[in-house]
Amino acid sequence: RWYSRGIMNRRFGGPGFTRPENALKRSEELENVGQKHAALQALHDVITSKKHRTWSPIYEQIMFKHIDLTVEAKKRNYPKEALSNYRNMCQAVNISSLEEVIKYFLKKASEKAEAAQAQVAAMTIDVEDLEQDASPEDMMLSYVSADKGKDRTDRELVTPWFRFLWDAYRTTLDILRINPKLEVLYASVAVRAFSFCLTHKRTQEFRRLCDILRQHLGHQLNRMRDSRESHVDSLQMHIETRFEQLKAACALELWAEAFRSVEDIQQLILQAKKSPKKEMMATYYACLTQIFAVSDNHTYHAYAWLKLFNFTKAFNKAILPDDLRAMASSVMLATLSILPYDRTDKAGDDAAADQEKERTVRMAHILGFAVSAKMDYRTVLSRGALLTATTGAHIMGAVPAEMKELFELLTTQFNPLELCTKLAPFFERLQSEPQELSAASPVKAVNLARYVTNLKQVAVLRLLKQLSEVYSSLKISSLAAMVPFATFGEIEQIIVDAVRYSYLQVRIDHRHGTLHFGSQQLESDKVRGHLSALAKHLSAAVAMIDPPPPADKEARRKAAIATALAQSGEEHRLMHARKIVIEKRKEEQELAMLEAEQEEERRRAQAAREAEIAEEKRRKEEALQREIDRMTREKEEQDAKEALEIYNAQLGKKGKAAVTSLAGVAQSKDELVHQVMSERLKEQQEMERKLAKAAKQLDHFERARREEEVPLLNQLYAQRMEEDRAMHEEQQAAFLAAHRAAWEVDVQEKARLATMLPEKAAFAAAIMARREGEFKALQAQRERMRAERAARRARERDIARRREFARRCQEQVDERIRELEREHEEAEAARAAAEAEERRRKVEEMAERQRQREAEIEAKLRMEKEAAGRAAPPAAAAASAAAASGGGGNRF
């Protein structure tokens, strides 16, 4: 039984202690004697034991001690197991204890890492002789090792502690991820891990940390979907953590991780259905400007700057005008630096177009723009929309005058011969140091020089576009003279890129040193317009030469068109109804197929779950049976081994040789044990009898020895007494003689010093008189200073009262002035409203009178027309008669 209990203890939690206080005491004893590993193992066995399930304050002390020993020994595998078991122990009773333990664990690990780093920083190379060259050993080590001395020191001292601290952060996050009550601590640990990676430039660890947090977030979102509770606060906590992750990724220049953090933030915002804080969104857009600037995506970069500017101007009331001006300049330059054409293959397939649409819509959501399904995705984020937004008063009114001039040169003005010459000074001024912004700004600095390269390319493209509208050919030397800030090689690269994406149609003739605008098939957009105009004019000329068809043919054509139009509505209705029926049948068929697939999927999932449950049950039963068989087999083997040891011990006592097996022995283990116990009992009784006899003999011997020793001890005592009396008398006589000599010397010294008593008294009296005078002077000065302070305080109180009275009077006057101004403003507003109403009434009256006059004029004109119509027939008859009579007379 005791053997099987030992096996079970070793398998399920070690030997253990019945009380945890004993384990803590035992660990302290082991630590005091230098066995720290054994002390740690004792505490670890208690924490991981299966029989210690109920939390008590002593376990918290055990965990603190366990952490101290673990950190000191740099055991990276112990904390995770201990913290996991401690979490299961206290999460239903006292979860705050786990929080304190984790904070203590991180504190100790951080202190050790910082101490190691400070130790390396404080280390100096101790050289005994500065003129002595390096030793051969040092030179050989420097040749065979690529690391310097400091790098080797860091790897030996600092790197192990950094690795331990990183494991501590990872273990802590894994422990805290499944407990909703510790989400605040989870977020703070994640932020501390970000700070660790940022402080020590640990890029690989930062990537792993982001993957760990993303995996934890995925598991938590799955649990949130399964539960029906509200998780707004939890999602908000994760959003704040992702914002810190985004800032750290940008600071470490890990732009891929930064963009993945942006996507995580968007997913969490959609899940939470609640807008984050304004400061976080400002940081979000500021980071987006950096990400898109690095990725050379100028359109998204400009949109990020636009959102950041609008957001800052709307919500950041503490922003300075200079900061706002610098940000507006960045928005404008970022917009102008976008190329006027899209670098995409327009002949791509539908899959590429769908992929581009999905990407554009996703980027629009990331930038905070709502996209409708009916909108053309190519117009959602475009240079034209940005230019329209930039020309608004909120941006144009904030930028300097030179930026407005630059904007007009690159967008509206048409002056190809002087365009680049005017732009060159602007580019020179932009090549300056980054402008530092105030603390209220969401960005630390604005670097306008990063846009110069793209602005030069845009300027060259605009120059070529304007030249193509004016010239059909141009010399290369003339073009190079027009662009002072670029060589012709750079201009040629720009031309090739623009022609590749069909923005320009230019041919370069290096043999003759000329540029030809337009192509063989279609010269330019202007020529296209000319051809269209020519076609219209030719059509009009053909209509004049060949008149329209006769009226009957035109009537038949109109009748056919009318018939077709009359029947098209019915045909359209029938086709639409047929389309609806077909769509409905397709939807019903797809719905039936979907339901069948879902039902089949449910059946497969149910069968898989049942098979998995049965397989898991079978594996557990087989494992339990194997464990029972193994324990039984081990017990039988141990019993046989112990029986063999007992039998060999009996043979050894009898002087016989030992055997290797019990094949020929008829006795069992229990019989052998009983026989051994009987023999041991007999041996013990015999030993006790011998000890009693020896004790009796020793008692008689000791009594006889003491009786013989008494006279000798008395004689020795008397001799010692005589020697001590003689020594005391000698020491007393020497003391009296020395004391007499010292007294005589003191008497002579007193008589010598007695002659100085009058001078001593006079000196003391003079000192006391001088000090008394100084004391009285100080006392008088103190009284005078106290009176002055009292007078000064009185004056100050009087001045303060006067100032307070003046302040109250000034406040009353200001309040009265404000009231009068408010009354004046209200009166002015009422007067203005009355004047506006009066003007409106007068305008309405004038309009009514104008309408009446127009009605009268129309009525008068109508009456005149009616009268003229009635008078027209007689006048026409008279005219015809006169013409007839006149015609006959003129014949002759």
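To keep things clear, this report deals only with the structure shown in the data block. What you see is a predicted model; the values in this text were computed from it and never measured. (Residues numbered from 1 in each chain as written. Predicted model: local features only at pLDDT ≥ 70, side-chain atom pairs only at ≥ 80, totals over all residues. Heavy atoms only, no water.)

Across its full length, the protein holds 27 helices and 5 strands. A sequence separation of at least 24 residues applies to 70% of the contacts in the protein between residues at least 6 apart. Surface accessibility of the protein: about 61,200 Å² in total, with carbon and sulfur atoms responsible for 55%. (Helix = DSSP H or I, 4+ residues; strand = E, 2+ residues; numbered from the N terminus. Contact = heavy atoms within 4.5 Å. Areas by Shrake-Rupley, 256 points an atom, 1.4 Å probe, with all protein chains shown as cover.)

Let us now look at the pairing of strand 5 (residues 514-517). Relative to strand 5, strand 3 (residues 473-475) runs antiparallel, the two sharing 3 bridges. Looking at strand 5, one finds that S473 is bridged to H516. Note: strand 4 (residues 506-509) against strand 5, 4 bridges, orientation antiparallel. Bridge pairing in strand 5 links I508 to L515. Hairpin connection from strand 4 to strand 5: 4 residues lie between these consecutive antiparallel strands, with G513 at a positive phi of about 70°. (Pairing = 2+ DSSP bridges.)

Evaluated as defined, the whole model comprises 14 aromatic pairs. For the pair F162 and F196, a centre-to-centre distance of 5.8 Å together with 85° between the ring planes defines the contact as edge-to-face. Separated by 34 residues along the polypeptide, F162 in helix 8 (residues 149-176) and F196 in helix 9 (residues 183-199) bring together distant segments of the chain. F196 carries the same exposure label as F162, and that label is buried. The structure contains a cluster of three or more aromatic residues connected by ring pairs, namely F243, Y284, Y285, F311 and F315. Its guanidinium or amino end placed over the ring of Y503, K465 lies 4.8 Å from that ring's centre, counting from NZ or CZ. (Phe/Tyr/Trp six-rings, centres within 6.5 Å; stacked < 30°, edge-to-face > 60°. Buried < 20%, exposed > 50% of the residue type's maximum accessible area, 1.4 Å probe, protein only. Lys NZ or Arg CZ within 6 Å of the ring centre and 35° of its normal.)

In this structure, the second largest pocket occupies an estimated 490 Å³ of space. Lining the second largest pocket are 19 residues, with A286, Q290, P442, V443 and K444 sitting closest to its centre. For the lining of the second largest pocket, the elements supplying multiple residues, two or more each, are helix 11 (232-251), helix 13 (278-294), helix 14 (298-315) and strand 2 (445-446). A per-element tally of the lining of the second largest pocket places helix 13 first, with 5 residues. By residue class, the composition of the lining of the second largest pocket is 10 nonpolar, 6 polar and 3 charged. (1 Å grid on protein atoms, 1.4 Å probe; cavity = no way out; pocket = protein on both sides within 12 Å on 5 of 7 lines; lining within 4 Å. Points joined across faces, edges and corners; volume = space filled by probe spheres on them. Nonpolar A, V, L, I, M, F, W, Y, C, P; charged D, E, K, R; others polar.)

Checked against the element boundaries, Q41 lands in helix 3 (residues 36-47). Measuring from C-alpha to C-alpha, the distance between Q41 and T70 comes to 9.8 Å, with 29 residues separating the pair along the chain.

Turning to the pattern of salt bridges, a few remarks are in order. Following the criterion strictly, the structure yields 56 salt bridges and no others. Two residues, R841 and E845, come together in a salt bridge whose shortest N-O distance is 2.6 Å. Taken as a pair, R841 and E845 lie in helix 27 (residues 757-890) at a separation of 4 residues, close to a single helical turn. Sharing partners across several salt bridges, the network here consists of E615, E616, R618, R619, E622 and R626. (Salt bridge = Lys/Arg side-chain N within 4 Å of Asp/Glu carboxyl O.)

Take unusual backbone geometry next. What is expected of a backbone is that most residues other than glycine have negative phi and most peptide bonds are trans. Residue K74 is not a glycine yet carries a positive backbone phi of 55°. Among the secondary structure elements, K74 is positioned in the loop between helix 4 (57-73) and helix 5 (78-90).

What follows covers empty space enclosed by the protein. Over the atoms, a rolling probe the size of a water molecule traces out where space has been left empty. Taken as a whole, this structure holds 3 cavities of 30 Å³ or more when the rule is applied. A volume near 90 Å³ is recorded for the largest cavity. Forming the walls of the largest cavity are L176, R177, E183, Y186, A187, H216, Q220, S234, M237, H238 and T241. Only helix 9, helix 10 (203-226) and helix 11 provide two or more residues apiece to the lining of the largest cavity. Take the lining of the largest cavity: its biggest share by element is 4 residues, from helix 11. Among the residues forming the lining of the largest cavity, the class breakdown is 4 nonpolar, 5 polar and 2 charged.

For the pair helix 3 and helix 4, the least separation of the axes is 9 Å and the interaxial angle reads 140°. Considering their axes alone, helix 3 and helix 4 lie oblique with respect to each other. Along this stretch, helix 3 crosses helix 4, giving a crossing that reads as left-handed. For the pair helix 3 and helix 4, contact is made by K36, A39, L40, L43, H44, V46 and I47 and by Y59, I62, M63, K65, H66, L69, T70 and E72, respectively. Here the contact of helix 3 with helix 4 is built from residues that sort into 9 nonpolar, 3 polar and 3 charged. (Axes fitted to C-alpha atoms, helices over the stretch in contact; angles between N-to-C directions. Parallel < 35°, antiparallel > 145°, perpendicular 65-115°, else oblique. Left-handed = near helix turned anticlockwise from the far one by under 90°.)

Let's shift gears to helix 9. Counted at 1.5 Å a residue, the expected span for helix 9 with its 17 residues is 24 Å, and the 24 Å between its end C-alpha atoms agrees. Among all positions in helix 9, only E183, L185, Y186, A187, V189, A190, A193, F194, F196 and C197 are buried. Positive backbone phi, approximately 55°, marks K201, located one or two places after helix 9. (Expected span 1.5 Å × (residues − 1).)

So, about a negative patch on the surface. A cluster of like negative charges, contributed by E583, E587, E588 and E590, occupies part of the molecular surface. Taking the relative accessible area as the measure of exposure, E583 reaches 34% and is therefore partly exposed. (Patch = residues over 30% accessible without salt bridge, like charges linked within 9 Å, V, L, I, M, F, W, Y side chains within 5 Å. Lys, Arg positive; Asp, Glu negative; His and termini not counted. Charge placed at Lys NZ, Arg CZ, Asp CG, Glu CD.)

Here 3 strands make up an open sheet; going across it, the order is 3-5-4 and the pairing antiparallel. A strand with exactly one partner marks an edge of an open sheet, and here the two such strands are strand 3 and strand 4. Direction aside, neighbouring strands of the sheet carry axes that sit 20° apart on average. Those strands touched by helix 23 (residues 488-500) are strand 4 and strand 5, and its axis lies near 140° from that of strand 4.

What follows covers a positive patch on the surface. Side chains of R782, R789, R792, R793, R795, R797 and R801 sit close together on the surface and give a patch of like positive charge. As for its position among the elements, R789 is in helix 27.

The next thing to look at is the nonpolar core. Grouped together as the largest cluster of nonpolar side chains are 161 residues, with contacts concentrated most on Y284, L288 and L479. The residues contacting L479, other than those within four sequence positions of it, are L463, L464, L467, L474, F488, I491, I495 and L515. (Core = buried A, V, L, I, M, F, W, Y, C linked by side-chain atoms within 4.5 Å.)

So, on to the side chain of N454. Position of N454 relative to the elements: it lies in helix 21 (residues 452-470). Classification of N454 by relative accessible area gives buried; the value is 14%. Within polar-contact distance, the side chain of N454 engages the side chain of H298 at 3.0 Å. Beyond its immediate chain neighbours, meaning those up to four positions away, N454 contacts H298 and S337. (Polar contact = N/O pair within 3.5 Å; in protein donor to acceptor, adjacent residues only side chain to side chain.)

Inspection of the secondary structure assignment puts L417 in the loop between helix 19 (401-411) and helix 20 (419-430). In sequence terms L417 and L463 are 46 residues apart; their C-alpha atoms lie 8.1 Å from each other.

What follows deals with the environment of A116. Checked against the element boundaries, A116 lands in helix 6 (residues 95-122). Once the C-alpha coordinates of A116 and V158 are considered, the two residues, 42 residues apart in sequence, prove to be 5.5 Å apart. Contact partners of A116, with chain neighbours within four places excluded, come to L157, V158 and W161.

Right, let's get into the packing of helix 2 (residues 20-32) against helix 3. Between helix 2 and helix 3, the shortest axis-to-axis distance is 7 Å and the interhelical angle comes to 170°. Regarding the angle of helix 2 to helix 3, the classification is roughly antiparallel. As helix 2 packs across helix 3, the resulting crossing turns out to be left-handed. Seen from helix 2, the contacting residues are P20, A23, L24, S27, L30 and E31; seen from helix 3, they are K36, A38, A39, L43 and V46. Broken down by class, the residue content of the contact of helix 2 with helix 3 amounts to 8 nonpolar, 1 polar and 2 charged.

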